[in-house]
Amino acid sequence: MSLSRRDFLKFGTASAAGVAAGTGVDWTPVEAATTALKIKEAKAVASVCPYCAVGCGQLIFAKDGKIIDIEGHPDTPHTLGRLCPKGAATIQLSNNPLRPTKALYRAPGAEKWEEKPLEWMYEQIAKRYYDTREKYFIEKEKNKDGQEVVVNRLEAIGSLGSACIDNEECYLLSKLNRTLGIVYHEHQARV
Ligand code: SF4
C-alpha cells in the first residue's frame, strides 16, 4: 500500500473519528504501513549523535549504500528516542545538496565576495595563523611584583566555534587553540 503523508493524516483523522463513531473499522494496518514506508527494507545501525556531549542515541537507516533517515533511538535511557532540533537534522551531514563546497572570500577593501577552492582557504588560514602568532606571541610577562614569568599567550587571535562542528572537531579545535596559546576561545554548543 502506498500512502502519502497527507493520506496518512487523513486516515489518522478518519480512524479516530471511526473508532469514536463505533464503525468497527480497524485502521491499525494502515498506520503500521505508513510509518514503515520510509525505512522499509533499510538497514538500521545504532549510533550516537555526534554534535554534543549529551550523547543521544540514534538509529541510522541506510538503503542502497545511502543514509535515508536518522531517528532517535528509543532504547536510549536519558532521551527515550528524542533528539533536539540539531540532532534531528543530522542527516544533513551526509545528504545536503545545499551544502557549500567552495569558500567565499572577500579581500580587504573589496566590495564583492569571490568563490575560492577550499584548499586555497585552508592555506590562507594556516598562513595567517602562523604569521599572526609569529608577530604577536607573548612568551614572558611581568607579574604584579615586577618579576618576569612565562605566559606563552597569544591574544591576537580569537576562536569562535561553530554549532555545526561535532564533538571530535571541537576537541581538536580546542587542542589546536591551546597549543598555539590562544586564550580567547568560545563556542556555541547547540541550537
Ligand atoms: S545535539 Fe541534540 S540530539 Fe545531539 S547529542 Fe546533543 S542534545 Fe542530543
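Rules behind the numbers
Residues numbered from 1 in each chain as written. Predicted model: local features only at pLDDT ≥ 70, side-chain atom pairs only at ≥ 80, totals over all residues. Helix = DSSP H or I, 4+ residues; strand = E, 2+ residues; numbered from the N terminus. Contact = placed C-beta atoms within 7 Å. Near = placed C-beta within 6 Å. Nonpolar A, V, L, I, M, F, W, Y, C, P; charged D, E, K, R; others polar. Pairing = 2+ DSSP bridges. Axes fitted to C-alpha atoms, helices over the stretch in contact; angles between N-to-C directions. Buried ≥ 20, exposed ≤ 12 C-beta atoms within 10 Å, placed from the backbone.

Asker: Help me out: how do you make sense of the overall build of the chain in this one?
Answerer: The number of helices and strands found in the chain is five helices and eight strands. Its helices and strands taken in sequence order, the chain reads α-α-β-β-β-α-β-β-α-β-β-α-β from the N to the C terminus. Within the chain, contacts between residues separated by at least 24 positions form 39% of all contacts whose residues are at least 6 apart in sequence.

Asker: It is not clear to me how the site of the ligand should be interpreted in this structure. Could you clarify?
Answerer: Within the structure, the ligand sits among eleven residues, and Cys49, Cys52, Cys56, Cys84 and Gly87 are positioned closest to it. In the shell around the ligand, the residues fall into seven nonpolar, two polar and two charged.

Asker: Even after reading the chapter, I still don't get the sheet that holds strand 1 (residues 43-48), so can you show me in this structure?
Answerer: Sheet strands line up and pair through hydrogen bonds in the backbone, either parallel or antiparallel. The antiparallel open sheet is built from three strands, whose spatial order is 1-2-3. Because the sheet does not close on itself, it has two edges, and the strands there are strand 1 and strand 3 (66-72). Pairwise comparison of adjacent strand axes, ignoring direction, gives a mean angle of 30° for this sheet. Taken together, the six bridges between strand 2 (residues 57-63) and strand 3 define a ladder with antiparallel strand orientation. When the bridges of strand 3 are listed, Ile60 appears paired with Ile70.

Asker: How do you make sense of unusual backbone geometry when you look at a structure like this?
Answerer: Comment: phi is negative for the bulk of residues other than glycine, and the bulk of peptide bonds are trans. Backbone geometry at Glu41 places phi at a positive 65°, although glycine is not the residue there. Counting through the fold element by element, Glu41 comes out in the loop between helix 2 (28-36) and strand 1. Here Asn152, not a glycine, exhibits a phi torsion of approximately 45°, which is positive. Tracing the backbone shows Asn152 in strand 7 (residues 148-160).

Asker: It is not clear to me how the environment of Gly158 should be interpreted in this structure. Could you clarify?
Answerer: Along the chain, Gly158 turns up in strand 7. Classification of Gly158 as exposed rests on a count of 12 C-beta atoms within 10 Å.

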